[in-house]
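For reference, the chains in residue letters:
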Protein chains: 2
Amino acid sequence: MNAPMTLTSRRAMTRGEATRDRILEIAEASVLAKGFSNTSIDEIIAAAEITKSGFFYHFRDKTDLAKALLERFIHDDNAKLDAIFARGRDLSDDPLHAFLIGLKLFAEMMAELETAHPGCMVASVAYHDKQFNNEVRGLNAAAVLGWRRRFLSALEEIAEVYPPRIDVDLSHLADMLSALADGGIILSRVLDEPRLLSEQILLYRAFVRTIFLGAGD
Amino acid sequence: MNAPMTLTSRRAMTRGEATRDRILEIAEASVLAKGFSNTSIDEIIAAAEITKSGFFYHFRDKTDLAKALLERFIHDDNAKLDAIFARGRDLSDDPLHAFLIGLKLFAEMMAELETAHPGCMVASVAYHDKQFNNEVRGLNAAAVLGWRRRFLSALEEIAEVYPPRIDVDLSHLADMLSALADGGIILSRVLDEPRLLSEQILLYRAFVRTIFLGAGD
DNA sequence: TGGAAAACTGTACCATTGGTATGGTAAACT
DNA sequence: AGTTTACCATACCAATGGTACAGTTTTCCA
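Everything quoted here is computed from the prediction, not taken from an experiment.

Q: Is there a simple way to think about the overall build of chain A in this case?
A: Regarding its fold elements, chain A presents 9 helices and 0 strands. The helix and strand sequence of chain A, counted from the amino end, reads α-α-α-α-α-α-α-α-α. Across the 217 residues in chain A, those meeting the buried criterion constitute 53%. Counting contacts in chain A only where the partners sit at least 6 residues apart, residues at least 24 apart contribute 69% of the total. Summed over its atoms, the accessible surface of chain A is roughly 10700 Å², and 52% of this surface lies on carbon and sulfur atoms.

Written out as C-alpha cells, the structure is:
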C-alpha cells in the first residue's frame, strides 16, 4: 500500500502541503462553526491569504474540499478512539472492563470539549446528502462501518467471557454507540447543553454493563 | 391562547392558505430529499406554478420558509407520537407495557417508511445552525424539550410502579430515545440501511425493559 | 354591486457565490 | 539552467437569494 506517513514524519512539508493544510484548518473551523454550505470559498481564501486560483490549484471544487475535510476528520477521529480504547486495555486485562474504561474516557473527552465541541463531520455531510458525490458518501459510509467493526469486535470479545444476560444483537449494540454519539451531538447543539453528549455515552455504558453483568451488580 | 385549529376544521381554506400549503408541501419533499440549502426557491415556485413575487408574498425570506417547515414538521410529529403512545395506553393499562407497545409501534412506523424516510427536520436544521435566526433555533429547542417532557413523564409513571433495577437518570433515559432517533436516521442514511433506525428503537426498548423488569424476564 | 383588501403577476435589477479560462510569475527542485 | 510546483491577476459566467415597484385579478364584505 502507501508508505507510512505519520504526523512525526521526518520530511519537512513542502510549501504546497503547508498551504493546503492551512486551507483545511481554516475550512474545518468554519464548517464546524457554521456548516459547510455556509462556509464560502471567498471567506477561506481571505483567511488563508491566497487567491481563488490558489484555492482551485489545491482543490478541484468545493466537494473536493469536503472530501479532504472528511478524510482528515476520520483520520483524527480514529486516532483518538484508538488511543482511548488502547488505554482501556492498558488499565484492565478483562475485555469488559477495558471497554467500560474506554467508554468512560470517551465520555470524559466529549465533556471536556464543552461548548462548541466539533460537531461530527460525518453527520454534517450526511445531511447535505445529494450535494456530494458518491466518493464522499462512500468515505462517510466507510467511516461509520469502521466504528461498527471497532465496537463490534470489542463486544464479541466481551461476550466470549461474559455470556449476555439479555438477548441483543451485538452489531446493533455496536451501532448504538455511533447513533448515540451523532444524535447526542445534535441534541447538545439544539438544546445548548454541552454535557448531554457525555451523559448519553455513560448511559450506553450502563446498558453494556447490564447486558454482560446483569442488573444486580 | 389561540383558537383550536384542527385538521378537520369546518372553514374552507382561503386561496392564500391553499397556495402557502402547496409551497410548504413541495418544499418539504425537496428538503427531505436534498437538504435545505440544496432546495432553490426557483425550483419551488416552478413546481407550485407561481412567480417569485408570489413566493415572497407568503414568506419574508428563505429562513421564514424554514421556520414554517419546522413548525409543520413538529406539529405532525407530535400528532404521530400522540397517536402511537395513546394506542399503547389503549392496549394496556400498565404504564410500562403501554410504553413498550408504543415503542414497538414507533419502530414499526420507522421501518415502514423504508428507504428515503423523512430525515428528521430538526436535525437538518441543527446542522445548518448559524444560518438560521434565533427564532428558528428556539422552535427547534422547544420541539426537543417536548420530546423529553413526553418521554420523561411516561418513564416517571413507570418508575412509580416498577422500581428501576439499575440506577439511571430518567431524564437522560428520555433524551436517549431522541438521540437514538436522530442518530439512527443519520446512520440509516449514510449506510443506506433503512432498517437500522427501527433496530435501534427496539434496542432502546430492550434497555427500558431491562431497567424496569430486570435481565431475568 | 362597488370598493377595499388579499393574492398575486411582470419586469427589472442587484450582490454573493461557485466555478472557468487564460496567461503570467516566483520559488523550489534536479 | 531548465522544469516543475505553486501560485497571482484579471476577466468572466450562471445560479441563487433577494429587492423594488407598478399593475392585475380574486375574494370578501358592507
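Q: When you look at the protein's contact with DNA strand C in this model, what are you seeing that I'm missing?
A: With respect to spatial proximity, 19 residues lie near DNA strand C, and among them A:I41, A:K62, B:T19, B:T51 and B:S53 are the closest. The sugar-phosphate portion of DNA strand C accounts for 60% of its atoms within 4 Å of the protein, the bases making up the rest. A distance of 2.9 Å separates a base nitrogen of DNA strand C from a polar side-chain atom of A:K52. At 2.9 Å from a phosphate oxygen of DNA strand C is found a side-chain nitrogen or oxygen belonging to B:H58. Within the residue set of the surface near DNA strand C, elements represented by two or more residues are α3 (52–58) of chain A together with α1 (15–34) and α3 (52–58) of chain B. Sort the elements by how many residues they give to the surface near DNA strand C and α3(B) lands first, with 4 residues. Of the residues that constitute the surface near DNA strand C, the class distribution is 4 nonpolar, 9 polar and 6 charged.

Q: I keep staring at the protein's contact with DNA strand D and nothing clicks. Help me out?
A: Taken together, 20 residues lie near DNA strand D, and A:T51, A:S53, A:H58, B:I41 and B:K62 sit nearest. Taking the atoms of DNA strand D that fall within 4 Å of the protein, sugar and phosphate contribute 63% of them. In the model, a base nitrogen of DNA strand D is placed 2.7 Å from a nitrogen or oxygen of the A:S53 side chain. The contact in question runs from a phosphate oxygen of DNA strand D to an N or O atom on the side chain of A:Y57, over 3.0 Å.

Q: Please explain the pattern of salt bridges as it appears in this structure.
A: For side chains of opposite charge, pairing can occur when their charged atoms come near one another. Residue and element names in this part refer to chain B. With the rule as written, the count across this model stands at 16 salt bridges over all chains. Close ionic contact of R150 with D82 constitutes a salt bridge, the shortest N to O distance being 2.8 Å. With a gap of 68 residues between them, R150 in helix α7 (residues 134–161) and D82 in helix α4 (residues 62–91) connect regions that are remote in the sequence. Classification of D82 by relative accessible area gives partly exposed; the value is 42%. Residues R148 and D175 are paired through a salt bridge, measuring 2.8 Å at the closest nitrogen-oxygen approach. With R148 in helix α7 and D175 in helix α8 (residues 170–191), this residue pair connects regions lying 27 residues apart in the sequence.

Q: Would you explain unusual backbone geometry in this entry?
A: For residues that are not glycine, phi is negative in most cases, and the peptide bond is trans in most cases. Residue and element names in this part refer to chain B. A positive phi angle, close to 55 degrees, is found at E49, a residue other than glycine. With respect to the helices and strands, the residue E49 is situated in the loop between α2 (41–48) and α3. Residue E49 is classed as exposed on the basis of its relative accessible area of 72%. Positioned with a positive phi, D192 is a non-glycine residue whose angle comes to about 55 degrees. Assignment of secondary structure puts D192 in the loop between α8 and α9 (196–213).

Q: Just to check I follow, could you spell out the packing of aromatic side chains for this structure?
A: By convention here, two paired aromatic rings are described through the distance between centres and the angle between planes. The final tally for this structure, using the stated rule, is 9 aromatic pairs over all chains. Residues A:F55 and A:F56 carry aromatic rings whose centres are separated by 5.2 Å and whose planes lie at 85 degrees to one another, so their mutual orientation is edge-to-face. Ring centres 5.5 Å apart and planes at 25 degrees place the aromatic pair B:F85 and B:F99 in the stacked group. Of this pair, B:F85 sits in helix α4 while B:F99 sits in helix α5 (residues 95–112), and the two are 14 residues apart along the sequence. Just as B:F85 is buried, B:F99 falls in that class too. Directly above the ring of A:F36 sits A:K62, whose terminal nitrogen or CZ lies 4.5 Å from the centroid.

Q: Please clarify how α1(B) should be interpreted in this entry.
A: Note: α-helices contain 3.6 residues per turn, so residues at a spacing of three or four share the same orientation. Helix length check: α1(B), at 20 residues, gives a terminal C-alpha distance of 28 Å against a target of 28 Å (1.5 Å per residue), a fit within 8%. Of the residues flanking the end of α1(B), it is B:G35, one or two places downstream, whose phi is positive at about 90 degrees.

About the thresholds
- Residues numbered from 1 in each chain as written.
- Chains lettered and ligands numbered in written order.
- Predicted model: local features only at pLDDT ≥ 70, side-chain atom pairs only at ≥ 80, totals over all residues.
- Heavy atoms only, no water.
- Helix = DSSP H or I, 4+ residues; strand = E, 2+ residues; numbered from the N terminus.
- Buried < 20%, exposed > 50% of the residue type's maximum accessible area, 1.4 Å probe, protein only.
- Contact = heavy atoms within 4.5 Å.
- Areas by Shrake-Rupley, 256 points an atom, 1.4 Å probe, with all protein chains shown as cover.
- Near = heavy atom within 4 Å.
- Polar contact = N/O pair within 3.5 Å; in protein donor to acceptor, adjacent residues only side chain to side chain.
- Nonpolar A, V, L, I, M, F, W, Y, C, P; charged D, E, K, R; others polar.
- Salt bridge = Lys/Arg side-chain N within 4 Å of Asp/Glu carboxyl O.
- Phe/Tyr/Trp six-rings, centres within 6.5 Å; stacked < 30°, edge-to-face > 60°.
- Lys NZ or Arg CZ within 6 Å of the ring centre and 35° of its normal.
- Expected span 1.5 Å × (residues − 1).

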